[in-house]
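Overview (structure and organization)
Below are the chains, spelled out letter by letter.
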Amino acid sequence: MPDDQNDDPMKGKRRSSEWYGKADKDGFAHRSWMKNQGLPGDLFDGRPVIGICNTWSEFNPCNAHFRDLAERVKRGVYEAGGMPLEFPVFSNSESQLRPTAMLYRNLASMDVEESIRGLPMDGVILLTGCDKTTPALLMGAASCDLPTLVVSGGPMLNGHYKGEQIGSGTHVWKFSEAVRAGEMTLQDFMEAETANSRSAGHCMTMGTASTMASMAESLGIALPTNAAIPAVDSRRYSLAQFAGRRIVELVRKNVRLSDIMTKAAFENAIIVNGAIGGSTNAVVHLLAMAGRVGVDISLDDWDRLGREVPCLVNLMPSGKYLMEDFYYAGGLPVVIRELEHLLNKDAMTVSGQSIWENSKDAECYNRDVIYPLDKPFKPNGGIAVITGNLAPNGAILKPSAASPELMTHRGRAVVFEDIEDYRDRIDDPDLDVDETCVMVLKYCGPKGYPGMAEVGNMGLPAKILKKGITDMVRVSDARMSGTAYGTVVLHVAPEAATGGPLALVQNGDMVELDIPNRRLHLDVADDELERRRGELKPFVSPHERGYSRIYVEHVNQADKGADLDFLVGKGGTPVLRESH
Ligand code: FES
């Protein structure tokens, strides 16, 4: 491998040279049509071709600034002697796409994988932002395993409303519950809309988008500070340009995604997720990403590695600040520095340095935003993985977003058979529920919804909210938004639609949650559960055509990352046949 980018023995022998390096009919076709864009002939001289995988879409407002970002990446690629070529892929829009953007994460990953494999590129920059775009692009890229670098779009500026800092998602839940409790007028609620989304960028709470950007940085597949720079900050554009330079060097040195996203890197990411109070969605996404690159990570690793990690970051939904504050306080490198003794310090990153070398000199500028390890913001940061007869293959809960007094709880089940049943009855004055009950929601898992929607943090009944109660234990096979909070047991596996025990719960059953002992128990005799199983009608999905049908037939359960079974693993980038 060359150490100096001017010493480039691979020139002319790269993957892209199989398209552009031939003096025959095929080479003519590949080059000639590209030249209709005005590309000079010397760009086809064997220099690294860098694909810029763009999730720009006006239907995905979190990523709507990505054409500008791509231009900055291109500058960097040209400066380093490469040829940048931008290509579009499916853009999962968390705020616009129905029934849930998660349904299409795997579809987007297929688009990415096939685009990278079928097109003449030597390395790829992934432009990611809105929640599912980060895992989708990393899953697809991992299955190809070229040199890869993530550039995130960055969070929106902080929301401000009537003198209060408000956060994406977190205040949607807060305000909508305040309206239902009669504490906020509908007019004030509507006015808060614009105040909530003030600039380009993705959700600025430590929701799933910010979490996944932090996961990319802690995996080492993004450059230091990538996670937190606001979308509209000039330094976001400098970072994109620098990333363009770096990817050319990674191609010259043949540093592949699998050289960076190793088991050690995944362990680091899980630990960092605990320290940032990251989204529960990171669990299912990292499991899927690890599956693609061939790294053995399980739910047990999440509990084992995260159990002792305290939450250091005072950001919504677990705390009070937002991503802009996080960046000004020093950002993720400060968190990584605090975690020195917990991390695999030698894990290599796309910067060319180890994760520790990237972060060892990071300074914290606001200790009310990023706390030190020996005086953390909250003692429990990691993800609690729970098992028991109600979740034989596991379920998860985020302790930092839960109520300490509910971490051990026994309550009467109030069951909603599906999301429509929940919506129809939740505010019924005759609903037999009080704050000691456990709300149970079925058929919202990967197959059941389909796509495992973010409905697990079901809002409390209005009559409970009016008493001033803001949390109850909730259990489902769904996910919840990374911006949400509460004592919410999620990702119950196996899900109700596959006949998991969740399908057998009935109103009045007693449910026991014991987070210290990682236990979720349905207090019903085994023979009674067997009787109910005999009466259970098989789940029939109404999705009979297209991608949704493929998804329902092939999706894995949450404890395996909810990837499609035939996409797990990697196929590399060989393409055996020419196109003409
Ligand atoms: Fe796109 Fe939250 S809606 S990141």
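None of these values were measured; they are calculated from a predicted model.

Moving on, we come to the overall build of the chain. For the chain, the count of helices and strands is 20 helices and 14 strands. A globule of 580 residues ought to have a C-alpha radius of gyration of about 25 Å, and the chain, at 24 Å, matches this closely. For the C-alpha atoms alone, the extent of the chain along its principal axes is close to 75 × 55 × 45 Å. Burial analysis of the chain (580 residues in total) assigns 63% to the buried set. Contacts in the chain between residues far apart in sequence, at least 24 positions, make up 76% of those at least 6 positions apart. Of the roughly 22200 Å² of accessible surface on the chain, a fraction of 50% belongs to carbon and sulfur atoms. Each charge class in the chain was averaged separately, 62 positive and 78 negative side chains, and the resulting centres sit 4 Å apart.

In spatial order, the strands read S2-S1-S3-S4; together these 4 strands make up an open sheet with parallel pairing. Two strands lie at the open edges of the sheet, namely strand S2 (83-88) and strand S4 (148-152), each paired on one side alone. Across this sheet, the average inter-strand angle for adjacent strands is 25°, counted without regard to direction. Two strands pair when backbone bridges link them, and strand S1 (residues 49-54) and S2 are joined in this way by 6 bridges, in the parallel orientation. From the neighbouring strand, isoleucine 52 faces S2, where its bridge partner is glutamate 86. Running over the sheet, helix H9 (residues 234-252) touches S1, strand S3 (123-128) and S4 and is turned about 175° from S4.

Another aspect to go through is the packing of helix H8 (residues 208-219) against helix H12 (residues 281-293). With their axes 10 Å apart at the nearest point, H8 and H12 run at an angle of 40° to one another. Overall, the two elements H8 and H12 adopt an arrangement that is oblique. Crossing hand, H8 versus H12: right-handed. Contact with H8, carried on its side by Thr208, Thr211, Met212, Met215 and Leu219, involves Asn281, Ala282, His285, Leu286 and Met289 of H12 and no other residues of that element. Among the residues forming the contact of H8 with H12, the class breakdown is 6 nonpolar, 4 polar and no charged.

In the structure shown here, the tally under the stated rule is 9 aromatic pairs. A centroid spacing of 4.9 Å and a plane angle of 80° characterise the contact between tyrosine 20 and phenylalanine 44, whose relative ring orientation is edge-to-face. One end of the pair, tyrosine 20, is in helix H1 (residues 17-20); the other, phenylalanine 44, is in the loop between helix H2 (25-34) and S1, and 24 residues separate them in sequence. In this structure, tyrosine 20 and phenylalanine 44 share a single accessibility class: buried.

All right, on to the nonpolar core then. Core analysis: the biggest nonpolar cluster contains 104 residues, and Ile221, Phe266, Trp302, Phe326 and Val335 have the highest contact counts within it. Setting aside chain neighbours within four positions, we find phenylalanine 266 in contact with Leu219, Met261, Leu286, Met289, Ala290, Val293, Val295 and Ile297. Of all hydrophobic cores here, the second largest spans 31 residues; its members include Ala384, Ala402, Val489 and Val505.

The next thing to look at is the confidence of the model for the chain. A residue-level look at the chain finds 98% of positions with pLDDT of 70 or above and a mean pLDDT of 95. Low pLDDT, under 50, characterises residues 1-5; the predicted model gives this stretch 11 contacts beyond four residues in sequence or across chains.

Before going further, it helps to spend a moment on the state of the cysteines. For the structure on display, the rule yields 0 disulfides. Here cysteine 444 stays free of any disulfide, with the sulfur of cysteine 437 as its closest cysteine sulfur at 19 Å.

The next thing to look at is helix H7 (residues 186-196). Along H7, the positions that sit buried rather than exposed are Ala192, Ala195 and Asn196. Along H7, the residues classed as buried sweep out an arc of 90° about the axis, all on the same side. Facing away from the buried side of H7 by more than 90 degrees, the exposed set consists of Leu186, Gln187, Glu193 and Thr194.

Evaluated as defined, the whole model comprises 42 salt bridges. A salt bridge links aspartate 131 to lysine 132; the shortest N-O distance between them is 3.7 Å. In this structure, aspartate 131 and lysine 132 share a single accessibility class: buried. Aspartate 471 is the partner of arginine 474 in a salt bridge, and the nearest nitrogen-oxygen pair spans 2.7 Å. For the residue pair arginine 474 and aspartate 471, the accessibility class agrees, reading buried in each case.

This paragraph deals with the side chain of arginine 474. Mapping arginine 474 onto the fold places it in strand S11 (residues 473-476). Looking at arginine 474, its side chain comes within polar contact range of the main-chain oxygen of methionine 458, at 2.9 Å.

It is worth spelling out unusual backbone geometry at this point. In this model, tyrosine 449 is joined to proline 450 through a cis peptide bond whose omega is 0°. Positionally, proline 450 belongs in the loop between strand S10 (438-441) and helix H18 (462-465). Not every positive phi belongs to a glycine, and aspartate 145 is a case in point at roughly 65°. Of note, aspartate 145 is situated in the loop between helix H5 (133-144) and S4. For aspartate 145, a relative accessible area of 9% corresponds to the buried category.

This brings us to the pairing of strand S14 (residues 519-522). Pairing geometry for strand S13 (residues 510-514) and S14, over 4 bridges, is antiparallel. Each bridged residue has a counterpart across the sheet, and for glutamate 512 the counterpart in S14 is histidine 521. Two successive antiparallel strands, S13 and S14, enclose a turn made up of 4 residues, where arginine 518 displays a positive phi of approximately 55°.

Okay, the environment of glutamate 86 next. Residue placement: glutamate 86 occurs in strand S2. Classification of glutamate 86 as partly exposed rests on a relative accessible area of 31%. Considering only alpha carbons, one finds glutamate 86 and isoleucine 50, 36 residues apart in sequence, at a separation of 8.3 Å. A distance of 2.8 Å separates the side chain of glutamate 86 from the side chain of asparagine 54, its partner in a polar contact.

Okay, the environment of leucine 186 next. Of note, leucine 186 is situated in helix H7. For the pair leucine 186 and serine 176, spaced 10 residues apart in sequence, the C-alpha to C-alpha distance is 9.0 Å.

Glancing now at the environment of lysine 442. Tracing the sequence through the fold places lysine 442 in the loop between S10 and H18. Residue lysine 442 is classed as buried on the basis of its relative accessible area, which comes to 2%. For lysine 442 and valine 505, which are 63 residues apart along the polypeptide, the C-alpha to C-alpha distance reads 9.0 Å.

Cut-offs applied
- Residues numbered from 1 in each chain as written.
- Predicted model: local features only at pLDDT ≥ 70, side-chain atom pairs only at ≥ 80, totals over all residues.
- Heavy atoms only, no water.
- Helix = DSSP H or I, 4+ residues; strand = E, 2+ residues; numbered from the N terminus.
- Rg over C-alpha atoms; globule rule 2.2 N^0.38 Å.
- Buried < 20%, exposed > 50% of the residue type's maximum accessible area, 1.4 Å probe, protein only.
- Contact = heavy atoms within 4.5 Å.
- Areas by Shrake-Rupley, 256 points an atom, 1.4 Å probe, with all protein chains shown as cover.
- Lys, Arg positive; Asp, Glu negative; His and termini not counted.
- Charge placed at Lys NZ, Arg CZ, Asp CG, Glu CD.
- Pairing = 2+ DSSP bridges.
- Axes fitted to C-alpha atoms, helices over the stretch in contact; angles between N-to-C directions.
- Parallel < 35°, antiparallel > 145°, perpendicular 65-115°, else oblique.
- Left-handed = near helix turned anticlockwise from the far one by under 90°.
- Nonpolar A, V, L, I, M, F, W, Y, C, P; charged D, E, K, R; others polar.
- Phe/Tyr/Trp six-rings, centres within 6.5 Å; stacked < 30°, edge-to-face > 60°.
- Core = buried A, V, L, I, M, F, W, Y, C linked by side-chain atoms within 4.5 Å.
- pLDDT = per-residue confidence, 0-100.
- Disulfide = S-S within 2.5 Å.
- Arc of directions from axis to C-beta.
- Salt bridge = Lys/Arg side-chain N within 4 Å of Asp/Glu carboxyl O.
- Polar contact = N/O pair within 3.5 Å; in protein donor to acceptor, adjacent residues only side chain to side chain.

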